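Each chain, letter by letter, is given below.
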Amino acid sequence: MELEHASGSGRAPRLQLDELLDELQLHVDEVRGTRDRLHSLLDAVMNIGRDLELGHVLRRIVEAAVVLVDAEYGALGVLGEGQGDRQLAQFLPVGIDEERVSAIGAPPCGRGILGVLIRHPEPLRLREISEHPDAHGFPAHHPPMHSFLGVPIRVRDEIFGNLYLTDKRDADEFGAEDEAVLSTLAAAAGVAVENARLYEESRHRQRWLAASAEVTAALLSGAAEDAVLRLIVERAREQLGAELGSVALPVPGSARLRVALAHGPGAEAHEERLLPVDDSLSGLAYTGGEPVLSEDVQSEPRLHGTTLRDAGLGPAVAVPMGTGDGRRGVLLLARAAGAPAFTPEETAPLQGFAGQAALAMELADRRRDAEQLALSSDRERIARDLHDLAIQRLFATGMTLQSTVRLERTVEGEEKLLRAVRELDETIKIIRTTIFGLRAHKAGDRGVAGLRRRLVDTVETAATTLGFSPALRTEGLLDVNVPPDVADHALAVLGEGLANVARHARARSVDVVLAVGGDDLTLTVTDDGVGLRPGGHRGGLANIAERAGEFGGTLKLTTPTGGGTRLVWHVPLHAADPAGRPGAPPGGG
């Protein structure tokens, strides 16, 4: 009995020692597990901080979280900008293949359990998701999920987003240690996200600076306004990933804007469109003087049927070019439907870029003014030289010839001298007309500035069909007294008259005289051809007569002494425009 008692008492300490050793082994395993988990956490922290591309950083964060807490599924939700009821702007799932993601449909926006973390950014652990009062169930094709662990990701004092993990593999629920590990990862993730955002912002600023430098170089080089504006639109599209870029300019005397240029696929459908200032993004930006953003033009309540909507575009932003009363137009960018909306951070540099567009237009105006001033100075110099030198010498020569008439006794000699005097008088008239035209030139008025040049162009064009160059003479202040609409009709009559000569007259010479008096204009076209044939086609002459009648003028056709035809088209310059006359401006325009 004593031996048995001794033997029994010996086994008890041995069992206690085995239990102690097993317990010690469990602690060792726990320490090793904690060590391994810490190593994994450190590796994950180093791994997510190694990349500076924000998209890659976010993907690595959620992948590391799934591994660290041994979850079946994981996701990272990025909160949208703004205050109040914030929603998820981006959702990155892990553990669900792309086919099932597509079958589920639209990503969550932040309701149900996901919304709890948005409203209360504190760690949340659940043994069973369906038992929470805010659980709304899952959409069709969504895998079943039970246990849940969520923690917020903070970037400085701002909630950037949330980590969501579901279905722990080796347990029914996530433990406090899982929560601690995930919270530590979220803290490291906040630093990594901040670094990635700073890197992205620096690259963004660098690209804007490069684009601004390119535009500045174009401005300083004296490039044309259209070229600089097109460069600005192209670079703005590239910077912000826009599908379409356009510049709209105000229409003088109208409550509308005109799309002066557009760049991108289908740009031709937008160019030259007229936009109402109260029913378009560009118009709202122009009248308000501030950027106007739309998350989706397809559902924009401020618009009623626009080319942006017809083109199937989505987010858009319109920025005024210039400030205050100095607004010169609007720069607009639009992304494809379904693309992310423009953010205030993205569009802030765009306002400076639009200011460069206004500067380009201002410089172009100043350059045109300088060129016009230089041209006016040249014209004044030429007019002065013609008056002081050419006319005075011609006048003196004419006086000498007139005095010579008294010395010449033969009729033939007198006739020759008088003819020379008349030629000098005509030459003096032509030079004087040229002087008046040079001094009275006004830039930008089509009828005033272009009549003399257009007259010469019409005559030169007719020389091709005639086979010779018509003689052209002008009298009076063509570039001062002739209204634009009368000038248009006179040129049309001249073109028709020369075309008739080319088709029917078989002439060898044509004289064209355009004389402008104080109150009337007379266009004379004389040829030495076969003359008017009885019963000939008179359609063109009827048109010419109709044009004269619209102004209360006349058309006369006569035969000169030597044969041929003389067409005389005479109209008053200041007659009232009859209602409905072609070329009269429509009412209310």
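In short, a report on the structure. (Residues numbered from 1 in each chain as written. Predicted model: local features only at pLDDT ≥ 70, side-chain atom pairs only at ≥ 80, totals over all residues. Heavy atoms only, no water.)

## Overview of helix 13 (residues 484–505)
Given 3.6 residues to a turn, an α-helix orients residues that are three or four positions apart in the same direction.
Thought 1: Under the 1.5 Å per step criterion, the end-to-end length of helix 13 is 31 Å for 22 residues, consistent within 8% with the ideal 32 Å.
Thought 2: Once helix 13 ends, the next one or two residues include R506, with phi positive near 55°. (Helix = DSSP H or I, 4+ residues; strand = E, 2+ residues; numbered from the N terminus. Expected span 1.5 Å × (residues − 1).)

## Some remarks on the sheet that holds strand 5 (residues 158–168)
Thought 1: Pairing is antiparallel across the open sheet formed by 5 strands, whose spatial order is 2-1-5-4-3. This sheet does not close on itself; its edge strands, each paired only once, are strand 2 (88–94) and strand 3 (124–126). With direction set aside, neighbouring strand axes in the sheet form an average angle of 15°.
Thought 2: Bridging between strand 4 (residues 148–155) and strand 5 involves 8 bridges; their strand directions are antiparallel. Bridging across to strand 5, F148 finds its partner in T166. (Pairing = 2+ DSSP bridges. Axes fitted to C-alpha atoms, helices over the stretch in contact; angles between N-to-C directions.)

## A closer look at the environment of F342
Thought 1: Position of F342 relative to the elements: it lies in the loop between strand 11 (329–336) and helix 9 (344–405).
Thought 2: Judged by relative accessible area, which is 6%, F342 ranks as buried.
Thought 3: It is 9.6 Å that separates the C-alpha atoms of F342 and A242, two residues lying 100 residues apart in sequence.
Thought 4: Those residues in contact with F342, other than ones at most four positions away along the chain, are L240, A242, L293, P315, A316, V317, L333, A334, R335 and T347. (Buried < 20%, exposed > 50% of the residue type's maximum accessible area, 1.4 Å probe, protein only. Contact = heavy atoms within 4.5 Å.)

## Points about the sheet that holds strand 6 (residues 244–250)
Thought 1: Taken together, the 6 strands give an open sheet; going across it, the order is 8-7-6-11-10-9, and neighbouring strands pair in antiparallel fashion. Two strands lie at the open edges of the sheet, namely strand 8 (274–276) and strand 9 (292–294), each paired on one side alone. Going across the sheet, the axis of each strand differs from the next one's by a mean of 25°, ignoring polarity.
Thought 2: Sheet analysis places strand 6 next to strand 7 (residues 256–263), joined by 6 bridges and oriented antiparallel.

## Notes on the packing of aromatic side chains
Thought 1: Evaluation of the coordinates by the stated rule reveals 2 aromatic pairs.
Thought 2: Here the aromatic cluster, defined as three or more aromatic residues joined through ring pairs, consists of F91, F148 and Y164.
Thought 3: It is R335 that lies over the ring of F342; its NZ or CZ is 4.0 Å from the centre. (Phe/Tyr/Trp six-rings, centres within 6.5 Å; stacked < 30°, edge-to-face > 60°. Lys NZ or Arg CZ within 6 Å of the ring centre and 35° of its normal.)

## Some remarks on the pattern of salt bridges
Thought 1: Following the criterion strictly, the structure yields 15 salt bridges and no others.
Thought 2: E72 serves as the salt-bridge partner of R169, at 3.0 Å between the closest nitrogen and oxygen. Highlighted residues: R169 in the loop between strand 5 and helix 5 (176–220) and E72 in strand 1 (residues 71–79), separated in sequence by 97 residues.
Thought 3: On the basis of relative accessibility, which here comes to 30%, the residue E72 falls in the partly exposed class.
Thought 4: Across the pair E234 and R235 runs a salt bridge, and its minimum N-O distance is 3.9 Å.
Thought 5: By sharing partners, the salt bridges in this structure join D70, E72 and R169 into a single network. (Salt bridge = Lys/Arg side-chain N within 4 Å of Asp/Glu carboxyl O.)

Keep in mind that these numbers describe shape and distance, not what the molecule does.
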